[in-house]
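Chains, contacts and geometry: an overview
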Amino acid sequence: MSLKGRDFLSMADLEAGELVALLDRAAEFKRALREGRVRPSLQGKLVALIFQKPSTRTRVSFEAAVRHLGGHPINMNATEMQLGRGETISDTGRVLSRYVHAITLRTFAHREVEELAEAAEVPVINALTDLEHPCQVLADLFTIRERFGGFSGIKLTYLGDGNNVANSLALGCALAGMTFTAASPPGYEPDEAILGKARSMAGEGAVRVVQDPREAVSGAHVLYTDVWVSMGQGDEARRHRDLRPYQLNRELLELADPDAVVMHCLPAHRGQEITDEVLDGPCSLVWDQAENRMHAQAALLCLLMGEEV
Ligand code: CP
Ligand code: NVA
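Residues numbered from 1 in each chain as written. Chains lettered and ligands numbered in written order. Predicted model: local features only at pLDDT ≥ 70, side-chain atom pairs only at ≥ 80, totals over all residues. Heavy atoms only, no water.

Among the residues of helix α7 (residues 192–202), those classed as buried are I194, L195, A198 and R199. One face of α7 carries all of its buried residues, which in axial projection span an arc of 140°. Residues A193 and S200 are exposed on α7 and point more than 90 degrees away from its buried face. On its buried side, α7 packs onto α6 (164–176), β6 (179–183) and β7 (207–210). Residue D191 occupies the N-cap position of α7, its side-chain oxygen lying 3.1 Å from the main-chain nitrogen of A193. At the C-terminal side of α7, G203 shows a positive phi close to 100°. (Buried < 20%, exposed > 50% of the residue type's maximum accessible area, 1.4 Å probe, protein only. Helix = DSSP H or I, 4+ residues; strand = E, 2+ residues; numbered from the N terminus. Arc of directions from axis to C-beta. Contact = heavy atoms within 4.5 Å. Polar contact = N/O pair within 3.5 Å; in protein donor to acceptor, adjacent residues only side chain to side chain.)

What follows deals with the site of ligand 2. Taken together, L128, N163, N164, D226, V227, S230, M231 and L266 make up all the residues around ligand 2. At a separation of 2.8 Å, an oxygen atom of ligand 2 approaches a polar backbone atom of M231. For ligand 2, whose unbound accessible area comes to 270 Å², protein coverage reaches 95%. (Near = heavy atom within 4 Å. Areas by Shrake-Rupley, 256 points an atom, 1.4 Å probe, with all protein chains shown as cover.)

The subject of this paragraph is the pairing of strand β1 (residues 46–51). Here β1 lies mainly inside the structure; five of its six residues are buried. Sheet analysis places β1 next to strand β2 (residues 72–77), joined by six bridges and oriented parallel. Among the inter-strand pairings, F51 is bridged to a residue of β2, identified as N77. In terms of handedness, the path from β1 via helix α2 (residues 57–68) over to β2 forms a crossover that is right-handed. Where β1 and strand β3 (residues 102–106) come together, five bridges link them in parallel fashion. Residue pairing in the sheet places V47 in a bridge with A102 of β3. (Pairing = 2+ DSSP bridges. Right-handed = clockwise from strand over helix to strand, strands pointing away.)

For L195, the position within the fold is in helix α7. As a C-alpha pair, L195 and V207 span twelve residues in sequence and 7.2 Å in three-dimensional space. Setting aside residues up to four positions removed in sequence, L195 forms contacts with A170, F180, P190, V207 and V209.

It is worth spelling out unusual backbone geometry at this point. Of the consecutive residues L266 and P267, the connecting peptide bond is found in the cis state with omega at 5°. Even without being a glycine, L128 presents a positive backbone phi close to 120°. With respect to the secondary-structure elements, L128 resides in the loop between β4 (124–126) and α5 (134–148). Overall, the relative accessible area of 5% leaves L128 in the buried class. Phi at L266 takes a positive value of approximately 65°, unusual for a residue other than glycine. Along the chain, L266 falls in the loop between β9 (261–264) and α11 (276–279).

That's the geometry; what it means functionally is another story.
Written as structure tokens, this is what we have:
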């Protein structure tokens, strides 16, 4: 199997078998890194990392992965590029393709990563848009598989704002064969078109949206939440009021499966979407989840840049 030259803009870009190959490669990279025997699969390769929004994990985990694999990251803040002065995404993609072997982009409109991918001759990776965060969910699926040994029978419940992370999770769960439930207040549901796509992949009953957070967490194995105000959204008092009943706290955790784990893509707003007690508690996987960004992205880069699996 080869993913050579492909883009990774959405979780829906992967087939189930490709997901398994990526997760296996991530596990191999993680082991090799711990044992100090990582192969320099990206030797001589340059990877451009462009950010139109802030980032801690995505930026550093990509940069670390590229360096561990013997390649060279080129980190760019979009405001310091001609992009910030009106050069088009397409022209930027055509030019960068002459210098580097892959491009990652974090931006606002999802259309921008699509435009970049259409113009670029090298793989383009979505490092977060307003619609999706597929690199996050690749690492999340890796983390879930590490903990549960597989995906069969696993129920994931997402609590709160149906944002980019929720959208990619719906697709990721469908691809992996887990059931996905979002608990969101009216007006905050995940994207309708994405839910439709996830249902077409997994079947109607495997992708649910409910309003009652207590119903949603009942029997769930993975409880997942994210910020109430994503980058680029207005921080209105109304959002906080509407999303308050969806806070991931001990009361909700106690209604889930006794072996349930807690996940959050981070950064967390402690005391808002999640309590300290839960984030720092024994069920939390968030630090492994953050570490696994690096392993999952190392695998992604290796496969998109031509490694056969
Ligand atoms: N989870 C995530 O993407 O974090 P950053 O915004 O810090 O990259
Ligand atoms: N939903 C969040 C994720 C941050 C990693 C945002 O878009 O800000």
